[in-house]
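Secondary and tertiary structure notes
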Amino acid sequence: MPTPDIWQKSSYSGGGEGNACVEIATRPTHMAIRDSKTPTRATLTFQPGTFTTFHEALKSPHSTAR
C-alpha cells in the first residue's frame, strides 16, 4: 500500500488563509508540486535533481517566472 504524500505549503504563501501558494511533497523518487487552491487537480512531478534546477531558476534574479 503506497504511503500518502505529505504536502507542505511554501513559506511564501499569501496572506489571509495562506492559500495563494504552492505545496510540495517529497518522495524518495520524486518531488511533486501542486496549487494549494486546487489540490485535487494536476501536479507537476520532478526527479530530485531536476527539481533543484527548477527551484534555483525560480530564485534567480533574472527569472521571468515570477
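Coordinates for the structure precede this section.
Keep in mind the model is a prediction, meaning the values are calculated, not measured.

Structural notes on the environment of cysteine 21
Of note, cysteine 21 is situated in the loop between β1 (7-9) and β2 (22-26). Put simply, cysteine 21 and serine 10 are eleven residues apart on the chain and 6.4 Å apart in space, counted from C-alpha to C-alpha.

Comments concerning the side chain of glutamate 23
Inspection of the secondary structure assignment puts glutamate 23 in strand β2. Of the polar contacts made by the side chain of glutamate 23, one reaches the side chain of arginine 34; its length is 2.6 Å. Contacts of glutamate 23, omitting those with residues within four sequence positions, involve Trp7, Gln8, Lys9, Ala32, Ile33, Arg34, Ser36 and Pro39.

So, the environment of glutamate 23
Glutamate 23 gets classed as buried once you look at its relative accessible area, which sits at 9%. For the pair glutamate 23 and proline 39, spaced 16 residues apart in the sequence, the C-alpha separation amounts to 8.6 Å.

The rules behind the values
- Residues numbered from 1 in each chain as written.
- Predicted model: local features only at pLDDT ≥ 70, side-chain atom pairs only at ≥ 80, totals over all residues.
- Heavy atoms only, no water.
- Helix = DSSP H or I, 4+ residues; strand = E, 2+ residues; numbered from the N terminus.
- Polar contact = N/O pair within 3.5 Å; in protein donor to acceptor, adjacent residues only side chain to side chain.
- Contact = heavy atoms within 4.5 Å.
- Buried < 20%, exposed > 50% of the residue type's maximum accessible area, 1.4 Å probe, protein only.

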